[in-house]
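# Observations on chain architecture
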Amino acid sequence: MGSDIFKRPTPFAKYEKAKEKVAVGDMPEEQLRTLEMQMFKPDAIPPYTGEEPEYVSDLQSLMALIVFKSKAQRDKIGSVLSVRKSYNGDVYITNIDVLESLATLVEEGKLEIHKEKITIPSQEAPQKEEKIVPSNEPAPKRSSIFQRRSRT
Amino acid sequence: MSQCQIKSQTQPSGLPSYYSPRISSELPDCSSPLTFDTYSRCSMGCTYCFSKSQKGVNPNAKRAPLQAVNPSKLFKMIDGKGTGRENHLFYKHFFEKKFLFHIGGLADAFCHYERKYNISYDIIEGLLERGYPTLISTKGPMVADDKFLKLFDRYKHNNSIGFQFSIVTADDVLAKSVEPGVPSPTKRFQFMKILSDMGFWTVLRLRPFILHLSDKTLPQMMEQAYNAGAKAVSTEFYALDVRCVGNAKKDTEALGKLMKIQPEMLYKYFNAISPKERGLYYRFNRLIKESHIKYMYQFCLEHDMIFACSDPDYKELSMTGNCCGLSEDHPVLGIHSWSKNQLTYALKEARKTYHTTGEKPLLEFDNIYAPTDWVFDEHYLAHMNIAVTKFPYAVRNRITLRDILQRDWNNLRSPSCPRNYLHGKIMPVGVSSDKRNLVYQYNPLDYESRWVAEGVDLTR
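As a starting point, this report considers the structure included with it. The structure presented is a predicted model; accordingly, all values stated were derived computationally and were not measured.

### A few points about helix α4 (residues 71-78) of chain B
Residues separated by three or four positions in an α-helix point in the same direction, a consequence of the helix having 3.6 residues per turn. Residues and elements named next belong to chain B. Looking only at α4, the buried set comprises Pro71, Leu74, Phe75, Met77 and Ile78. Buried residues in α4, looked at end-on, bunch into an arc of 155°, giving them a common side. Elements that come into contact with the buried residues of α4 comprise β2 (34-36), α5 (85-93), β3 (101-103) and α7 (119-130). Trailing α4 by a residue or two, Gly80 shows a phi angle of about 75°, which is positive.

Have a look at this one:
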């Protein structure tokens, strides 16, 4: 029985001897405290290497961080999505029902998203095709530039 | 709240109104989280007081004058006649179900202020009239005053009230240095005997157990509690809050001297012996506590008393799921009046299972914090928990107590994570089938095999 994760022998016998010395006046109690600091040093818990949940809580799984491109964009979106500023300076949005209803309209085909713009389906799409780079696409890697330089 | 705001809400006693009850921040392992204080402060000035260090770091609490609860407002809440969402929610989740009302969370209801204002009397009278299950934690000089004793005697047939007496040493002289404004331990044991003889459930609250100080008279304390009719012992070791400032810091240093720790070594000593995983609230590790816990546990076994442990170390040895020391079988203060959806109950059951069957039980978040119609999911009440203040507003607008519990459960870096808080007594072994939560397993430690080999019964 017993699968102690801390595999150290208990220091009780040594400790009892030291306590006896204090009791008969051979050692001041203050010195015993110093001994205790060495004898009873706690072991660290072994690290856990198994599987962990993806999110620490159900609420965290519902969170996403939004960073606006500019103050102008923040103010524009904020006027529709109730962006608020708390007394401690936090800027936050919790009422995203407007976004949800927008997504529903797109899902139902009542609105379309074309080149990052919302359009009404009956409107004609522009003729000239341009390469669209979504604003949330990661920035191009610069490593190629450095590689070229290193070759020369 | 500013001073003028407080003054504008004065009540008949002349004191500004104090808001209580509240939900304890110890919800993860607390069976009676409905905690209450009559007064905003306590008059007794104990050197080990944890609430002093909590309030010391709160500038609002420091500036605020003494405040007290308005009894008529409290009873409106208890009777379901209060207005406002908080009143309604407290009634729905606690008072309607006659959930245990724990008096004396951060201040003693029977301290010297009571002599002047008599507010606790009105509150306790109202609770007794209603037969409401109540647990009182006290050291107070007022509890055995004639008027209180007459009141208790009048309602003793209800058996609806229990008493915990906080005593940290049996030495009257030493106690005077540690708890300067408190009646001597001898007197407190006398109070305990009077109330036990009336038929009330009494508990020795050996909390905080101050190492190198409480242990000097441990056998006397246990013996005196038994002779005074105590049915249980509830213990928790003293912990040093590194953040303490002002008077709380001075008190901590004074206590260090009594523990025979050289002043320059005080923080180093606590730091050296406390597991790092528990953060800046220095709690000693279990090894240095073992002999004292063993003494208390064995004493309780031999004297048919209940051992209850609020300390994260040896919590598993509690003989009841209520670490304040209430029996699960008490007709009024039993398990139906408090919560078993907490870690103390789960650990106790796991230890019993292990020592009865040899099986190491798994502990799952959704099983322990199972109820979905209780305070766990009440967003409005989450604001009572100090932990919400660290979150941005967007999170606060959605957070629940369940979310706070779940974050600690799954975050292995948090000092409040059960693995760290219990220092390895339960260890993660994987994730739940829906991958939402860590699953822990009871981890038998070395002391258990040693004690069993010596014939100590760990199945109680």
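Still more ground to cover, so stick around.
### Description of the interface of chain A and chain B
Taken residue by residue, the interface counts 41 residues in chain A and 54 residues in chain B. Buried surface at the junction of chain A and chain B, both sides included, amounts to about 4200 Å², of which 63% is carbon and sulfur. Our count for the chain A to chain B interface comes out at three salt bridges. A salt bridge links A:Glu29 to B:Lys216, with the shortest nitrogen-to-oxygen separation between them at 3.0 Å. The interface formed by chain A and chain B contains 15 residue pairs in polar contact (both at pLDDT 80 or more).

### Observations regarding the nonpolar core
The nonpolar side chains of a soluble globular protein tend to be buried, and buried together. Residues and elements named next belong to chain B. In terms of nonpolar packing, the biggest core is built from 155 residues, with Ile124, Phe152 and Phe270 touching the most fellow members. In terms of residue count, the dominant contributor to this core is helix α14 (residues 286-302) (seven residues). Apart from the residues within four sequence positions on either side, Phe270 is in contact with Tyr238, Leu240, Met259, Ile261, Tyr282 and Phe284.

### Section: the pattern of salt bridges
Residue and element names in this part refer to chain B. Counting across every chain of the model gives 35 salt bridges over all chains. In this structure, Asp29 and Lys315 form a salt bridge, with 3.1 Å as the shortest nitrogen-oxygen distance. Of this pair, Asp29 sits in the loop between β1 (22-23) and β2 while Lys315 sits in the loop between β10 (306-309) and α15 (343-357), placing them 286 residues apart in sequence. The exposure class of Asp29 is buried, given its relative accessible area of 7%. For Lys315, a relative accessible area of 0% corresponds to the buried category. For Glu349, the salt bridge goes to Lys348, with nearest N and O atoms at 2.9 Å. Among the residues examined, Glu349 registers a relative accessible area of 29% and is labelled partly exposed. For Lys348, a relative accessible area of 1% translates into the label buried.

### Looking at the packing of aromatic side chains
All names here are of chain B. Inspection of the entire model under this criterion finds 38 aromatic pairs over all chains. Considering the side-chain rings of Tyr269 and Phe270, the 6.1 Å spacing of their centres and the 80° angle between planes classify their relative orientation as edge-to-face. Here Tyr269 matches Phe270 in class, with each residue buried. A centroid spacing of 6.1 Å and a plane angle of 45° characterise the contact between Tyr297 and Trp451, whose relative ring orientation is tilted. Here Tyr297, found in helix α14, pairs with Trp451, found in helix α20 (residues 446-453); they are 154 residues apart in sequence, far enough to count as distant. Assessed through its relative accessible area of 0%, Tyr297 is described here as buried. A relative accessible area of 0% means that Trp451 is categorised as buried.

### Examining the pairing of strand β7 (residues 232-237) of chain B
Residues and elements named next belong to chain B. Across the six residues of β7, six count as buried, placing the element largely inside the fold. Covered by surrounding structure in β7 are Ala232, Ser234 and Glu236 together with Val233, Thr235 and Phe237, the residues of both alternating faces. With five bridges connecting them, strand β6 (residues 201-209) and β7 associate as parallel partners. Directly across from Phe209, in β7, lies its bridge partner Phe237. In the classification by handedness, the crossover that spans β6, the intervening helix α11 (residues 218-227) and the parallel β7 is right-handed. Across four bridges, β7 lies against β10 in parallel orientation. Paired with Ala232 across the strands is Ile306, a residue of β10.

### Section: a nonpolar patch on the surface
Residue and element names in this part refer to chain A. Taken together, Ile96, Leu99, Leu102, Leu105, Ile113 and Ile118 make up a surface patch of nonpolar side chains, about 500 Å² in accessible area. The greatest single-element share of the nonpolar patch, amounting to three residues, is contributed by helix α4 (residues 97-107). For Ile96, the position within the fold is in the loop between β2 (91-92) and α4. Using a relative accessible area of 44% as the deciding quantity, one classes Ile96 as partly exposed.

### Details of the environment of B:Gly80
As for its position among the elements, B:Gly80 is in the loop between α4 and α5. It is 12 Å that separates the C-alpha atoms of B:Gly80 and B:Lys98, two residues lying 18 residues apart in sequence.

### Re the side chain of B:Thr38
Residues and elements named next belong to chain B. For Thr38, the position within the fold is in the loop between β2 and α2 (50-56). Overall, the relative accessible area of 2% leaves Thr38 in the buried class. Separated by 3.0 Å, the side chains of Thr38 and Ser120 make a polar contact.

### Quick notes on the sheet that holds β7(B)
Residues and elements named next belong to chain B. Taken in spatial order, the eight strands of this open sheet run β1-β2-β3-β4-β5-β6-β7-β10, and their pairing is mixed. Of all strands in the sheet, those with a lone pairing partner are β1 and β10, marking the two edges. As defined by bridge partners, β3 adjoins strand β4 (residues 134-138) across three bridges and the pair is classed as parallel. Within β4, the residue paired with Phe101 across the bridge is Thr134. Across the sheet, α7 is in contact with β2, β3, β4 and β5 (161-166); its angle to β3 comes to roughly 155°.

Conventions and cut-offs
Residues numbered from 1 in each chain as written. Chains lettered and ligands numbered in written order. Predicted model: local features only at pLDDT ≥ 70, side-chain atom pairs only at ≥ 80, totals over all residues. Heavy atoms only, no water. Buried < 20%, exposed > 50% of the residue type's maximum accessible area, 1.4 Å probe, protein only. Helix = DSSP H or I, 4+ residues; strand = E, 2+ residues; numbered from the N terminus. Arc of directions from axis to C-beta. Contact = heavy atoms within 4.5 Å. Buried area = accessible area lost by both parts, 1.4 Å probe. Salt bridge = Lys/Arg side-chain N within 4 Å of Asp/Glu carboxyl O. Polar contact = N/O pair within 3.5 Å; in protein donor to acceptor, adjacent residues only side chain to side chain. Core = buried A, V, L, I, M, F, W, Y, C linked by side-chain atoms within 4.5 Å. Phe/Tyr/Trp six-rings, centres within 6.5 Å; stacked < 30°, edge-to-face > 60°. Pairing = 2+ DSSP bridges. Right-handed = clockwise from strand over helix to strand, strands pointing away. Patch = residues over 30% accessible without salt bridge, like charges linked within 9 Å, V, L, I, M, F, W, Y side chains within 5 Å. Areas by Shrake-Rupley, 256 points an atom, 1.4 Å probe, with all protein chains shown as cover. Axes fitted to C-alpha atoms, helices over the stretch in contact; angles between N-to-C directions.

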